[in-house]
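This is what each chain is made of:
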Amino acid sequence: MEARAYLKYARISPRKVQIVLDLIRSKPVDMAMAILKHTPKAACEDLQKLLKSAMANAENNHDMDISRLYVAECFVCPGPILKRIRPRAQGRAYRVFKRTSHVTLVLKEQE
């Protein structure tokens, strides 16, 4: 039995999210929440909300025990890239890529 939660079209680069996901992978949910709360990274706020959502899914939809949950899987995939233009010197234009992420979080119960 597993509980999943998805975060789609997050306006943050997948590379930045991946750094934080590596910190919480295969940790118990209470420890993962503490790590997210005390890590000074931009992705932590969104991931904290996602972890709470996955915990709520586990409790309400699958009748799982929250005290025995751990982060079984967590990964990020790149979403669509927003392409913007910045003016540069001598009338030139410069491309700016605003990247998005799709994050998946899977919780399972420890045996």
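Provided above is the structure to which this section pertains.
Residues numbered from 1 in each chain as written. Predicted model: local features only at pLDDT ≥ 70, side-chain atom pairs only at ≥ 80, totals over all residues. Heavy atoms only, no water.

Draft legend 1. Expanded view of the side chain of T39. Looking at the secondary structure, you find T39 in the loop between α2 (29-38) and α3 (44-62). In terms of polar contacts, T39 uses its side chain to reach the backbone carbonyl oxygen of I35, at 2.5 Å. Among residues more than four places away in sequence, those in contact with T39 are L23 and C44. (Helix = DSSP H or I, 4+ residues; strand = E, 2+ residues; numbered from the N terminus. Polar contact = N/O pair within 3.5 Å; in protein donor to acceptor, adjacent residues only side chain to side chain. Contact = heavy atoms within 4.5 Å.)

Draft legend 2. Representation of the packing of aromatic side chains in the model. The full count for this structure, using the stated rule, is zero aromatic pairs. For the cation-ring pair, K8 lies above Y6, with the distance from its terminal atom to the ring centre recorded as 6.0 Å. Directly above the ring of Y94 sits R88, whose terminal nitrogen or CZ lies 5.0 Å from the centroid. (Phe/Tyr/Trp six-rings, centres within 6.5 Å; stacked < 30°, edge-to-face > 60°. Lys NZ or Arg CZ within 6 Å of the ring centre and 35° of its normal.)

Draft legend 3. Region of interest: the packing of α2 against α3. Where α2 meets α3, the axes come as close as 9 Å, and the angle between the chain directions of the two elements is 160°. In terms of orientation, α2 and α3 fall into the roughly antiparallel class. Where α2 crosses over α3, the two elements pack in a sense that is left-handed. Here α2 contributes V29, A32, M33, L36 and K37 to the contact with α3, which in turn contributes C44, L47, Q48, L51, K52 and M55. (Axes fitted to C-alpha atoms, helices over the stretch in contact; angles between N-to-C directions. Parallel < 35°, antiparallel > 145°, perpendicular 65-115°, else oblique. Left-handed = near helix turned anticlockwise from the far one by under 90°.)

Draft legend 4. Quick look at the packing of helix α1 (residues 14-24) against α2. The interhelical angle for the contact between α1 and α2, taken along N-to-C directions, is 140°, at an axis separation of 9 Å. Helix-helix and strand crossings are classified by hand; for α1 and α2 the assignment is right-handed. Taking contact as the criterion, the partners of V20, L23 and I24 in α1 are, on α2, A32, I35 and L36.

Draft legend 5. Structural view of a positive patch on the surface. Side chains of R11, K16, K41, R84, R86, R88 and K98 sit close together on the surface and give a patch of like positive charge. Relative to the assigned elements, K16 resides in helix α1. Judged by relative accessible area, K16 falls into the exposed class, the value being 52%. (Patch = residues over 30% accessible without salt bridge, like charges linked within 9 Å, V, L, I, M, F, W, Y side chains within 5 Å. Areas by Shrake-Rupley, 256 points an atom, 1.4 Å probe, with all protein chains shown as cover. Salt bridge = Lys/Arg side-chain N within 4 Å of Asp/Glu carboxyl O. Lys, Arg positive; Asp, Glu negative; His and termini not counted. Charge placed at Lys NZ, Arg CZ, Asp CG, Glu CD. Buried < 20%, exposed > 50% of the residue type's maximum accessible area, 1.4 Å probe, protein only.)

Draft legend 6. Inspection of the pattern of salt bridges at higher detail. According to the stated counting rule, one finds three salt bridges in the structure shown. Here R4 makes a salt bridge to E2, at a shortest N to O gap of 3.0 Å. Residue classification places E2 among the partly exposed residues on the basis of a relative accessible area of 27%. Among the ionic contacts, a cluster of salt bridges with common partners joins E2, R4 and K108.

Draft legend 7. Focus on the nonpolar core. Counting 28 residues, the largest nonpolar core has V17, L21, L47, L51, L105 and L107 as the members making the most contacts within it. A total of seven residues in this core trace back to one element, the largest contributor, which is α3. If we skip the residues at most four places from it in the chain, L21 touches L47, C74, F75, V76 and V103. (Core = buried A, V, L, I, M, F, W, Y, C linked by side-chain atoms within 4.5 Å.)

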